[in-house]
Each structure stands twice: as structure tokens, then as C-alpha cells.
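Each chain is listed here by its residues.
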Amino acid sequence: MADEHGVHTDPAAIADLVAVAETEHAQVKADGSVAGYRAGRTLRLGVELRRQLRRRRTQFALGFLAVLPFLLLIAFKAAPSQSGARSASSAFVDLATSSGLNFAIFALFASASFLLVVVIALFFGDTVASEASWSSLKYLLAVPVPRGRLLRQKAVVSGILSASGLIVLPAVALVVGLLWYGDGDLISTTGESLAFGSGIARLAIAVAYLAVYLVWIAGLALLLSVSTDAPLGAVGGAVLVSIVSQILDSITALGDLRDYLPTHYATAWSDLLSSDVDWGDMVRGSFSSLAYGAVFAVLAARRFASKDITS
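My aim in this report is to walk through the structure given alongside it, one point at a time. (Residues numbered from 1 in each chain as written. Predicted model: local features only at pLDDT ≥ 70, side-chain atom pairs only at ≥ 80, totals over all residues. Heavy atoms only, no water.)

## Re the overall build of the protein chain
Item 1. The number of helices and strands found in the protein chain is 12 helices and two strands.
Item 2. The order of helices and strands in the protein chain, counted from the N terminus, is α-α-α-α-α-α-α-α-β-β-α-α-α-α.
Item 3. Here the protein chain holds 311 residues, and 40% of them are scored as buried.
Item 4. When contacts within the protein chain are restricted to residue pairs at least 6 apart in sequence, long-range pairs at least 24 apart make up 77% of them.
Item 5. Here the protein chain displays about 16400 Å² of accessible surface, and carbon together with sulfur accounts for 65% of that area. (Helix = DSSP H or I, 4+ residues; strand = E, 2+ residues; numbered from the N terminus. Buried < 20%, exposed > 50% of the residue type's maximum accessible area, 1.4 Å probe, protein only. Contact = heavy atoms within 4.5 Å. Areas by Shrake-Rupley, 256 points an atom, 1.4 Å probe, with all protein chains shown as cover.)

## Details of helix 10 (residues 215–225)
Item 1. When you tally the buried positions in helix 10, you get nine out of 11 residues, the bulk of the element.
Item 2. If you check which residues of helix 10 are buried, you get Trp216, Ile217, Ala218, Gly219, Leu220, Ala221, Leu222, Leu223 and Ser225.
Item 3. Of the surrounding elements, those touching the buried residues of helix 10 are helix 6 (115–133), helix 8 (147–181), helix 9 (196–213), helix 11 (231–249) and helix 12 (280–305).

## Points about helix 6
Item 1. Along helix 6, the largest kink reaches about 45 degrees and is centred on aspartate 126.
Item 2. Of the residues flanking the end of helix 6, it is serine 135, one or two places downstream, whose phi is positive at about 65 degrees. (Bend = angle between axes of the 7 residues up to and from the residue.)

## Observations concerning the packing of helix 10 against helix 12
Item 1. Contact pair helix 10 / helix 12: the axes reach a minimum separation of 7 Å and the direction vectors enclose 15 degrees. One way to sum up the angle between helix 10 and helix 12 is to call them roughly parallel. Here helix 10 and helix 12 pass one another in a crossing that is left-handed. Between helix 10 and helix 12, the residues in contact are Val215, Trp216, Gly219, Leu220, Leu222 and Leu223 and Ser289, Leu290, Tyr292, Gly293, Phe296, Leu299 and Ala300, respectively.
Item 2. Grouping the amino acids of the contact of helix 10 with helix 12 by side-chain chemistry returns 10 nonpolar, three polar and no charged. (Axes fitted to C-alpha atoms, helices over the stretch in contact; angles between N-to-C directions. Parallel < 35°, antiparallel > 145°, perpendicular 65-115°, else oblique. Left-handed = near helix turned anticlockwise from the far one by under 90°. Nonpolar A, V, L, I, M, F, W, Y, C, P; charged D, E, K, R; others polar.)

## What about the packing of aromatic side chains?
Item 1. According to the stated counting rule, one finds seven aromatic pairs in the structure shown.
Item 2. The interplanar angle of 55 degrees and the centroid separation of 5.3 Å between the aromatic rings of phenylalanine 76 and phenylalanine 106 together place this pair among those described as tilted. With a gap of 30 residues between them, phenylalanine 76 in helix 3 (residues 56–78) and phenylalanine 106 in helix 5 (residues 100–112) connect regions that are remote in the sequence.
Item 3. Owing to a relative accessible area of 13%, phenylalanine 106 belongs among the buried residues under this scheme.
Item 4. Clustering of aromatic rings is evident, with ring pairs tying together Phe76, Phe103, Phe106 and Tyr181. (Phe/Tyr/Trp six-rings, centres within 6.5 Å; stacked < 30°, edge-to-face > 60°.)

## A closer look at the packing of helix 5 against helix 9
Item 1. Two elements in contact, helix 5 and helix 9, have axes separated by 10 Å at closest approach and are oriented at 15 degrees. As far as their axial angle goes, helix 9 and helix 5 are roughly parallel. Relative to helix 9, helix 5 is oriented so that their crossing is left-handed. Where helix 5 abuts helix 9, its residues Leu101, Ala104, Ile105, Leu108 and Ala112 lie against Phe196, Gly199, Ile200, Leu203, Ala206, Val207 and Leu210.
Item 2. Grouping the constituent residues of the contact of helix 5 with helix 9 by class yields 11 nonpolar, one polar and no charged.

## A few points about the environment of leucine 72
Item 1. Secondary-structure assignment places leucine 72 in helix 3.
Item 2. Residue classification places leucine 72 among the buried residues on the basis of a relative accessible area of 14%.
Item 3. For the pair leucine 72 and phenylalanine 106, spaced 34 residues apart in the sequence, the C-alpha separation amounts to 9.4 Å.

## Notes on the pattern of salt bridges
Item 1. Under the defined criterion, the tally for this structure stands at eight salt bridges.
Item 2. The closest approach of N and O atoms between arginine 55 and aspartate 126, which form a salt bridge, is 2.7 Å. One end of the pair, arginine 55, is in the loop between helix 2 (45–53) and helix 3; the other, aspartate 126, is in helix 6, and 71 residues separate them in sequence. Judged on exposure class, the residue arginine 55 and its partner aspartate 126 are both buried.
Item 3. With a shortest N-O distance of 3.1 Å, aspartate 126 and arginine 57 are connected by a salt bridge. Taken together, the positions of aspartate 126 in helix 6 and arginine 57 in helix 3 put the pair 69 residues apart, joining distant regions of the chain. Summarising the burial analysis for this pair, aspartate 126 and arginine 57 share the class buried.
Item 4. Because the salt bridges share partners, they merge into one network encompassing Glu48, Arg51, Glu131 and Lys154. (Salt bridge = Lys/Arg side-chain N within 4 Å of Asp/Glu carboxyl O.)

Set out below in C-alpha cells:
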């Protein structure tokens, strides 16, 4: 039959659809969710990790950390030899090329204060803000993925990527250094030397300390990521705060107030180069960074819980 608009319909088919609709009802639980829905099954870590690994910024960041030791090696090889009086920087370069361990330590020194900060800020600052800028955040939450779970899963994946970067840089630098400069002792700027086995252990502890120290950058970048729809603003804001903190820390007139700056203990891991390690600064630096990171993470969770994601 045809209705008044000329559209042909099948009364039998319509009756069948109505009958099916009447017999099929979605079961709703007491908390309002549909039966069978499990929040813990949404946005699995493996899925989110694969999504992030396919992104160009992830590939570029990890790739650059792997290439950096080769760039340093080329710079050392291309540097002209100097005779006579040598500057302090030249002496430091000579020390960096004295063994594979020294080369790996130099790579950490060259990247810890800025490059690693940028990488950590990139992974954490871009994670939520990029979804908001692409207008895909509201669709993720409509799956539905609970807000707390979405933020947690993204933070965990960002942490995995950050830890990977922290491992890739010294690992590649150590391999490159061993191939070109041998497995000699780790020599400090004070002339102390550590055997190869002890040097490897100190390098591993240095990387672990940097991972803890950079927690405050991760927390701040995550807070900025849920506060803006501009990924560049979140990443740049975290890096800018780090730079300002380093500048303030260099002002000796501030006295003991510098102890409360998040970057005050950035180089505390250099104590590991001595035969007798002073753990005091590293303990204080770890506590300071974890405290800042915890505060920023709580603020990020509170901000994201009430964030308007419909715009």
C-alpha cells in the first residue's frame, strides 16, 4: 500500500518490527547503566598505547632520542683538535669521550635540563588537549568511557612512553659509546674513577632518579592538558614553567627559597659520579618532585571531572 506521500510500505513488515521492539527491552541496572556494560573494558591500555604509537609526534620524539647519541658522536668527531690552553668546555668534552660510560653520562647531562623536559611535557601535555582540539574527546566519553578512567589510561600510556624515552636515550648512548670509546672506567670531573660494573649501576640509578624527578613536569603538563584545547599551549606552558624555575634557581639572592623550586634538585644525580655518594639531595629532590606531581595530578583530576567537553 502507499500512503498520502506516495511512499510504499509493507504493513506486515511494520507489524513484525513493532512486535520485536515490544519484546526487546534493554535491561538497566540500579546505577543506570545498561546490563553488560563494564567500564573496565573501555579504552584498554593496549588500544590507547597503539593509538599513541601510531602518532607522528610519538615516533618523532622517541626517534630523536635514539638519534641524539649519534649526533653527539658526529659533533665530537667533527670538532677540531685544540692545542695549548684548553677551555673548561673542551676538557669536559675530552672527559665525555674517555669511555662509553662517560659518553652516556654526557648524553644525560646534555638532555636532562631541556630535551627530556620537552619530551615528557609533549607526552603528557598533548594527550587530552589533542583529543579536545580534534573534537574527538566528547565521542570517547560518549562510548561511554568514564572520565576518571579516560584520564588515568591516558596518563599511564604517557608514562609508558616517557619511561621508554628515558631508557632509549642512555641505552643507545651507552652502546654507541662502548663501540667508539671502549668499556673503560667511569671518570668524574674530580678525577675519581669507578669500575665498569659500578658505573653501569650508577647510570641506571641516575636514569631512575630522572624518571622520578620529571614526575612534576608530567603532573603539570597533564593539568594544563585538561585545562586547554590547545596542545601546544599545554606543552609550552609546562616547558616555560621549567625554564622560569631554572632561572629563579640561579639567583643566589633568593637563598633558601630556592629549595622549594621544583628544578632545584635537577642535577642531584651528579652525586652518583663520586665514589662516596651523598644521597641527601636525591632524596629531597624525589620528595619534592613527587609532592608537586601529586598536587598537579589531583588538580588535573578535579578539573577534568567538571570540564565542559561539548564546545
